[in-house]
Amino acid sequence: MSRPIVLFENMRAIPYVPFYLAAARKDWERAGAEVRIETSPATSQTAAALLDGRADVSWGGPMRVMLHHNADPDCPLVCFGQVVSGEPFVLVGRKPIASFRLADLLDVRIGIAVDVPTPWMTFQDDLRRAGIAPSSLDRAPDVPMAENAERLRNGEVDVIQVFEPYVDQAVAGGWGHVWHRFAGRGDMSYTSFYTTRRFAEEERATCRALVRGIAAAQEALFAETADEIAGQVAGYFPDIERPALARMIEGYRSSGVWARSPELPVDTFVRLKASLLSGGLIDYDAPYHQVVDDAITAEALAG
């Protein structure tokens, strides 16, 4: 077994169920990694914690790694192992809609998810590709997702961009309806592991073990029932009842949010990067192999 490591979770969130499943099943331990999960003090500090030594490896969006490379082309951060491949954000409206099109958003007031940068970056890119200017939306003042959910419930907005548990709360409560799951656009490398290049080189066995462990969890994620998975990860979400958690898990799994294997392909990375470039979050077109150490996953899966 390799030395114990601190693995930072970006934040406690339903889209990260595969990581919690790996921990609950002891998949990383069996793969040879001794992991202590700690929660980042803020999503904006997750990458910084790797650079200053507070954590060894994190999980979170490759967006953060590209943001750091944008500020410093010699940034030592690298991604490996895709886990959340499709986007977990969803458009939830007050009224049901028969056949959603992005053009339908031109006639409503919308609350955008601003808790982290990626959901708006990918959303605005979808709009541009559909020939719709992002500025043409009737966008409510920015507030956190929890407040947008209350706005929707109170009729102050017509549709909101949120992830779980807000989607299920709205639908189960009868005051929200799923309009659009952004995961439908396909894989785009939403969440991976990342670390410093030095750690990836000096602690190669640990990185490979992390990949093997998450691969085992990914296999279980698609082999077991949503209720069985909910039972294993329920301890991470004490405020969510198990039937609701199972519904959220099934919704994400069936819509393509979670990767079936830890490969992080070039095309999905490029799709994410394109949205960050078009939205102006970055202006440096960082090469794939500068940001992603895909050899770790290849080595891990090869045995």
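Predicted, not measured: the structure shown is a model, and the values here were computed from it.

Analysis parameters
- Residues numbered from 1 in each chain as written.
- Predicted model: local features only at pLDDT ≥ 70, side-chain atom pairs only at ≥ 80, totals over all residues.
- Heavy atoms only, no water.
- Helix = DSSP H or I, 4+ residues; strand = E, 2+ residues; numbered from the N terminus.
- Buried < 20%, exposed > 50% of the residue type's maximum accessible area, 1.4 Å probe, protein only.
- Contact = heavy atoms within 4.5 Å.
- Areas by Shrake-Rupley, 256 points an atom, 1.4 Å probe, with all protein chains shown as cover.
- Lys, Arg positive; Asp, Glu negative; His and termini not counted.
- Charge placed at Lys NZ, Arg CZ, Asp CG, Glu CD.
- Pairing = 2+ DSSP bridges.
- Axes fitted to C-alpha atoms, helices over the stretch in contact; angles between N-to-C directions.
- Salt bridge = Lys/Arg side-chain N within 4 Å of Asp/Glu carboxyl O.
- 1 Å grid on protein atoms, 1.4 Å probe; cavity = no way out; pocket = protein on both sides within 12 Å on 5 of 7 lines; lining within 4 Å.
- Points joined across faces, edges and corners; volume = space filled by probe spheres on them.
- Nonpolar A, V, L, I, M, F, W, Y, C, P; charged D, E, K, R; others polar.

Caption draft 1: Structural context of the overall build of the protein. Counting its regular elements, the protein contains 14 helices and 10 strands. Scored against the burial criterion, the 303 residues of the protein give a buried share of 54%. Considering only contacts within the protein whose residues lie at least 6 apart along the sequence, 80% involve residues at least 24 apart. Carbon and sulfur atoms provide 48% of the accessible area of the protein, an area that totals close to 12200 Å². Here the protein holds 30 positive side-chain charges and 41 negative ones, and the gap between their average locations is 2 Å.

Caption draft 2: Geometry of the sheet that holds strand β10 (residues 191-196). The strand order β2-β1-β3-β10-β4 describes an open sheet built from five strands, whose pairing is mixed. Unpaired on one side and paired on the other, β2 (35-39) and β4 (77-84) mark the two borders of the sheet. Going from strand to strand, the sheet's axes swing by 25° on average, the running direction of each strand aside. Here six bridges tie β4 to β10, and the two strands are oriented antiparallel to one another. Looking across to β10, one finds that Cys79 is bridged to Tyr194.

Caption draft 3: Layout of the sheet that holds strand β8 (residues 159-162). The strand order β7-β6-β8-β5-β9 describes an open sheet built from five strands, whose pairing is mixed. Each edge of the open sheet carries a strand with a single partner, namely β7 (138-139) and β9 (177-181). Note that strand β6 (residues 109-111) and β7 share two bridges and pair parallel. Bridge assignment links Arg109 to a residue of β7, and that residue is Asp138. In the packing of helix α5 (residues 118-129) onto the sheet, the strands contacted are β5 (90-93), β6, β7 and β8, and the crossing angle to β8 comes to about 125°. The sheet strands contacting helix α6 (residues 145-153) are β5, β6 and β8, and the helix crosses β8 at an angle near 155°.

Caption draft 4: Highlighting the pattern of salt bridges. Taken as a whole and assessed by the stated rule, the structure comprises 22 salt bridges. A salt bridge links Asp125 to Arg129; the nearest nitrogen and oxygen atoms lie 2.7 Å apart. Of this pair, Asp125 and Arg129 both sit in helix α5, four residues apart, which is roughly one turn of that helix. Relative accessible area serves as the criterion here: at 4%, Asp125 is assigned to the buried category. Residue Arg129 is classed as exposed on the basis of its relative accessible area of 53%. The salt bridge involving Asp126 is made with Arg271; its shortest N-O contact spans 3.3 Å. Here Arg271 lies in helix α12 (residues 266-278) and Asp126 lies in helix α5, a separation of 145 residues in the sequence. A single network of salt bridges, built from pairs that share partners, joins Glu87, Asp125, Asp126, Arg129, Arg185 and Arg271.

Caption draft 5: Spatial organisation of empty space enclosed by the protein. Taken as a whole, this structure holds one cavity of 30 Å³ or more when the rule is applied. Of the pockets and cavities examined, the largest cavity occupies roughly 180 Å³. Taken together, 19 residues make up the lining of the largest cavity; nearest its centre are Asn10, Met11, Tyr16, Val116 and Tyr190. Where the lining of the largest cavity is concerned, the elements lending two or more residues are α4 (62-71) and α5. Per-class residue counts for the lining of the largest cavity are 13 nonpolar, five polar and one charged.

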